[in-house]
Amino acid sequence: MASPMRSLAADPGRYVQSFRLFLERSTEHQSMQQFVERQLPDVLASIGNGKSTINVLSVGGGAGEMDLQILSKIRAKYPGVTINNDVIEPSADQISKYKEHVAQASNLENIKFTWHKETANEYESRMNAEKKTKKWDFIHMIQVLYYVKDIPATIRYFHSLLESQAKLLIILVSGKSGWETLWKKYGSSFPLEDLCTYVSSADLPRMLDSAGLKYQLYELPSHMDITSCFIEGDKDGELLLDFLTETLDFAKTAPPELKRQIMEELRKPGCSEIRDGKVFFNNNLDVIVIEP
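Description of the structure in this document. Every value quoted in this text rests on a predicted model; they were computed, and no experiment measured them. (Residues numbered from 1 in each chain as written. Predicted model: local features only at pLDDT ≥ 70, side-chain atom pairs only at ≥ 80, totals over all residues. Heavy atoms only, no water.)

Judged by pairing direction, the sheet is antiparallel, and its three strands sit side by side in the order S8-S11-S10 without closing on themselves. If you trace the sheet from one side to the other, it starts and ends with strand S8 (223-225) and strand S10 (272-275), each paired once. For this sheet the average axis-to-axis angle between neighbouring strands, irrespective of direction, equals 30°. As paired elements, S8 and strand S11 (residues 278-282) share three bridges and run antiparallel to each other. Paired with His223 across the strands is Asn282, a residue of S11. (Pairing = 2+ DSSP bridges. Helix = DSSP H or I, 4+ residues; strand = E, 2+ residues; numbered from the N terminus. Axes fitted to C-alpha atoms, helices over the stretch in contact; angles between N-to-C directions.)

So, in structure tokens, the structure goes:
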């Protein structure tokens, strides 16, 4: 009898391990980098007009890889301006990695970093308790909305912190991705324990439209090599399965029938593409840029 399934978030160490492997096996960061190179400069076109200081808020900054690329684009667009970069990140491990990246980077003059070890909800509660409403010129939430309690309320709150020329940038999985297919079919079988919400870009326009917010949408193609998931006993494959199902030790704890169904689903065109004998999961992303 398989032991009961537990949420991957219950073991932060294994979660970070599986997340790093996901980044290694997927083109997630490369597709975000292309966006940062090609489209982000236009998005940033108005945020610093006439300002000597630009305030940037990173919600769920992780280990900072994407943050530092975004900051370098802001510096290039507004040379000589002071940038205050505040980071909200609940994982101490990720914050220490972020600080290492900052220490190793060479092009960060004029950028001041402040880290807040807390979730987006904790940040909002603290600011409300302190009766603070600091305004920001650029706020970004990359792969964060899955971990907030009330998505429309969180978007409304951070949107309310925008300066008049500012932008709120959200990146999350596409409604046309393998994640959407997997979650729609099997989300209710995974042990979420209120730690994660299945949300994709398909859910956002409805929320934004009902809040009367103006936004633009950009599609980012991305994939992940999940071939090792189909090799029985492969340690990396098991880690990736944990990440795909948000389940701790999915390969060992899932009921056999559910495991069989998931393994079958992961090979289907709705989730993946098979090329040269390898299985590539559709990891497409969308960027939503919201106006003040």
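Having seen the structure, we can now continue with the description.
Further remarks concern the side chain of Asp67. Structurally, Asp67 is set in helix H4 (residues 65-77). Buried and without a salt bridge, Asp67 has Lys99 as its closest oppositely charged side chain, separated by 13 Å. Within polar-contact distance, the side chain of Asp67 engages the side chain of Ser58 at 2.6 Å. (Buried < 20%, exposed > 50% of the residue type's maximum accessible area, 1.4 Å probe, protein only. Lys, Arg positive; Asp, Glu negative; His and termini not counted. Salt bridge = Lys/Arg side-chain N within 4 Å of Asp/Glu carboxyl O. Polar contact = N/O pair within 3.5 Å; in protein donor to acceptor, adjacent residues only side chain to side chain.)

Reading across the sheet, the seven strands line up as S4-S3-S2-S5-S6-S12-S7 and stay open at both edges, with mixed pairing between neighbours. Every interior strand has two partners, whereas the edge strands, strand S4 (111-116) and strand S7 (215-220), have only one. With direction set aside, neighbouring strand axes in the sheet form an average angle of 15°.

Counting across every chain of the model gives 19 aromatic pairs. Between the aromatic rings of Phe19 and Phe243, the centroid separation amounts to 6.1 Å while the plane-to-plane angle is 35°, which identifies the pairing as tilted. A residue pair is termed long-range when its members are at least 10 positions apart, and Phe19 in helix H1 (residues 12-25) and Phe243 in helix H10 (residues 235-245) qualify at 224 residues. Owing to a relative accessible area of 22%, Phe19 belongs among the partly exposed residues under this scheme. Assessed through its relative accessible area of 7%, Phe243 is described here as buried. Consider the rings of Tyr98 and Trp115, whose centres lie 5.5 Å apart with planes at 85°: the pair is edge-to-face. Separated by 17 residues along the polypeptide, Tyr98 in helix H5 (residues 92-104) and Trp115 in strand S4 bring together distant segments of the chain. An aromatic cluster is defined as three or more aromatic residues linked by ring pairs; in this entry it consists of Tyr15, Phe19, Phe22, Tyr146, Tyr147, Trp179, Trp183, Tyr198, Phe243 and Phe281. Over the aromatic face of Phe230 sits the side chain of Arg267, whose NZ or CZ is 4.4 Å from the ring centroid. Directly above the aromatic system of Phe280 lies the positively charged group of Arg275, at a separation of 4.2 Å from the ring centroid. (Phe/Tyr/Trp six-rings, centres within 6.5 Å; stacked < 30°, edge-to-face > 60°. Lys NZ or Arg CZ within 6 Å of the ring centre and 35° of its normal.)

Right, let's talk about the pattern of salt bridges for a bit. Tallying each qualifying case throughout the model produces 21 salt bridges. The partner of Lys278 in a salt bridge is Asp225, and the shortest N-O contact between them spans 3.9 Å. Here the residue Lys278 occupies a position in strand S11, and Asp225 occupies one in strand S8, the gap between them amounting to 53 residues. With its nearest N and O atoms 2.8 Å apart, the salt bridge here joins Glu264 to Arg260. One end of the pair is Glu264 and the other is Arg260, both in helix H12 (residues 256-267) and four residues apart, which spans about a single turn. In this structure Glu264 comes out as partly exposed when scored by relative accessible area, which is 41%.

With that out of the way, let us pick up empty space enclosed by the protein. A full pass over the atoms with the stated rule returns one cavity of 30 Å³ or more. Volume-wise, the largest cavity comes out at about 30 Å³. In this structure, the largest cavity is lined by Met32, Phe35, Val36, Leu40, Met66, Ile70, Ile142, Leu169 and Ile171. Sorting the residues of the lining of the largest cavity by element identifies helix H2 (28-38), H4 and strand S6 (162-173) as the ones contributing at least two each. For the lining of the largest cavity, the per-class residue count stands at nine nonpolar, no polar and no charged. (1 Å grid on protein atoms, 1.4 Å probe; cavity = no way out; pocket = protein on both sides within 12 Å on 5 of 7 lines; lining within 4 Å. Points joined across faces, edges and corners; volume = space filled by probe spheres on them. Nonpolar A, V, L, I, M, F, W, Y, C, P; charged D, E, K, R; others polar.)

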